[in-house]
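Here is how the chains run, residue by residue.
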Amino acid sequence: MQRSKTKSYFLKTFGCQMNVYDSERMTEALARDGYSETDDVAHADLVILNTCHIREKAAEKVYSDLGRLRDMKDARRRNGKETVIAVAGCVAQAEGREITTRQPAVDLVIGPQSYHRLPELIARTENTRERIVETEFPGDEKFSSLKAPRRVSSPSAFLTVQEGCDKFCTFCVVPYTRGAEFSRSLAKIETEARELVAAGAKELVLLGQNVNAYHGEGPAGRSIGLAELIRRLADIDGVERIRYTTSHPRDMDDDLIAAHADIPQLMPFLHLPVQSGSDRMLAAMNRKHNASEYIDLIARIRSARPDIALSSDFIVGFPGETDADAEDTLSLIRAVGFAQAFSFKYSPRPGTPAATLDAQVPEDVKSERLQRLQAVLEEQQTDFNARSLGGVVPVLFERRGRQPGEFVGRTPYLQLVHAAAEGDLVGRTANVAVTETRRVSLSGVIAAA
Ligand code: 5AD
Ligand code: SF4
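Residues numbered from 1 in each chain as written. Chains lettered and ligands numbered in written order. Predicted model: local features only at pLDDT ≥ 70, side-chain atom pairs only at ≥ 80, totals over all residues. Heavy atoms only, no water.

**Considering the site of ligand 1**
All residues adjacent to ligand 1 are I54, R55, F171, Q275, D313, I315, F344, K345, Y346, S347 and R349. Measuring from an oxygen atom of ligand 1, one finds a side-chain N or O atom of R55 at 2.8 Å. F171 places a polar main-chain atom, nitrogen or oxygen, 3.0 Å from a nitrogen atom of ligand 1. Its free accessible area being 400 Å², ligand 1 has 87% of it covered by the protein chains. Secondary structure elements with two or more residues in the shell around ligand 1: β15 (309-316) and β16 (340-345). In terms of residue class, the shell around ligand 1 is built from five nonpolar, two polar and four charged. (Near = heavy atom within 4 Å. Polar contact = N/O pair within 3.5 Å; in protein donor to acceptor, adjacent residues only side chain to side chain. Areas by Shrake-Rupley, 256 points an atom, 1.4 Å probe, with all protein chains shown as cover. Helix = DSSP H or I, 4+ residues; strand = E, 2+ residues; numbered from the N terminus. Nonpolar A, V, L, I, M, F, W, Y, C, P; charged D, E, K, R; others polar.)

**Notes on the side chain of T329**
Within the secondary structure, T329 sits in helix α12 (residues 323-336). Polar contacts involving the side chain of T329 include one to the side chain of S276, which spans 3.5 Å. Setting aside chain neighbours within four positions, we find T329 in contact with S276, G277, S278, F314 and L373. (Contact = heavy atoms within 4.5 Å.)

**Regarding the sheet that holds strand β2 (residues 36-37)**
Here six strands make up an open sheet; going across it, the order is β2-β1-β3-β4-β5-β6 and the pairing parallel. The open sheet has two edge strands, β2 and β6 (132-134), and neither has a second partner. In this sheet, strand β5 (residues 108-110) lies alongside strand β4 (residues 84-88) in parallel orientation, the contact comprising three bridges. Counterpart to A86 in the pairing with β5 is L108. Packing of helix α2 (residues 56-78) onto the sheet brings it into contact with β1 (8-13), β3 (46-51) and β4, and relative to β3 it is tilted by some 175°. Lying over the sheet, helix α5 (residues 118-128) contacts β3, β4, β5 and β6, oriented at roughly 160° with respect to β5. (Pairing = 2+ DSSP bridges. Axes fitted to C-alpha atoms, helices over the stretch in contact; angles between N-to-C directions.)

**Thoughts on the packing of aromatic side chains**
The final tally for this structure, using the stated rule, is six aromatic pairs. With centroids separated by 6.3 Å and ring planes inclined at 75°, the aromatic side chains of Y9 and Y35 adopt a geometry described as edge-to-face. Taken together, the residues span a long stretch of sequence, with Y9 in strand β1 and Y35 in the loop between α1 (17-32) and β2 at a distance of 26 residues. Comparing Y9 with Y35, the two get one shared label, buried. Centre to centre, the rings of F314 and F338 are 5.5 Å apart; their planes meet at 85°, and the pair counts as edge-to-face. A residue pair is termed long-range when its members are at least 10 positions apart, and F314 in strand β15 and F338 in the loop between α12 and β16 qualify at 24 residues. For the pair shown, F314 and F338 are each scored as buried. Of the aromatic side chains, those joined through ring pairs into one cluster are F171, F318 and Y346. Across the ring face of Y63, the terminal group of R102 is positioned such that the distance to the ring centre comes to 3.5 Å. (Phe/Tyr/Trp six-rings, centres within 6.5 Å; stacked < 30°, edge-to-face > 60°. Buried < 20%, exposed > 50% of the residue type's maximum accessible area, 1.4 Å probe, protein only. Lys NZ or Arg CZ within 6 Å of the ring centre and 35° of its normal.)

In structure tokens, the structure reads:
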């Protein structure tokens, strides 16, 4: 399928790192198909929104963008130019044909499991002006047929190793939008890792909706877990740092905990969502663990890797949550001590069990609880960063900063660091003496080697 070399596309990514990864892969496929990327949406022949359905706000943003895109499409048509509008990602998967009903300017709705068919479906809608909705869950791997070489836009590269989730937390759309757990084989992941390193990656961020449930095909057809996968990837020349996200507490096995002690490239940082510190809420959320099990797990992880930095996700205002439950969450936060965290007001999602529960918490109560929770988390983050003051940290520099001569990178604990340097630091790891710390970042000067 050869197309005109002059076509351009605009791609906007919402939501999680998995969507960022998927967008990179779509970008590679489109480049192979002769498209070039533009950051001016008004000049794009193809507009793709890679969407997120996790909370209502994220999904609604898509429809307001689509309204603007419809006007733009009409304006371009008056100038004799056609525009294909595609909705990809989890809103596409969850809402399917409803999207084209609500916004008829949309030409293509494509779910995350169908991206390997993107070029073909774009061509079809261009040729036939037919509106296409493609949200099947095919069994084979979505990107293996693309054969487009991996490119990297940053020394820290995402690599999807697992997709989908079988946990069915009662608030969450992921098991419906991304489907059942699926792990890629070691062979495919190693090949992609080598391509990424050859293209300049120094850090691999292994992605999965439930990444520590990874159980892919390993050597001789044997199934391997995430710890063994990380060991194999650490053996690849040029892999300096490895991270993984997002994990479930129930899948944090001894082998993975040991990996944090044994594998030097595995960074001392763990994002391990707990959602709530109330046993009553954890049960209602179907989290499959209680607060003390989480705290004990953290203790075991810290005994393997004492300096590990912890991150988590929290939901406030889950149906039935009382002040006492919210207080339990604050107690858990104080007991654990987080280096950073994400926190959200509960958002009822259509089709999930919690959405129809009685005792939905009023918006103002959610807001008030969120504020209190974030105040504690922000204080912990500020304190965590403050502990770096006066020390020297190895920073992998990922990009240039806004100031001339400034570079931005990350410490092993995922802290953002700004430092000035002569020459080009992007892709290099340098020691930085930390001279200033803030809640969300550090500043410093390059220390002598
Ligand atoms: N409402 C609010 N937050 C949610 N999350 C997932 N579903 C919802 C929802 N319905 C949060 C969880 C999850 C993170 C990715 O998003 O904290 O870990
Ligand atoms: Fe959603 Fe994570 Fe629960 Fe899976 S484990 S259902 S992705 S919150």
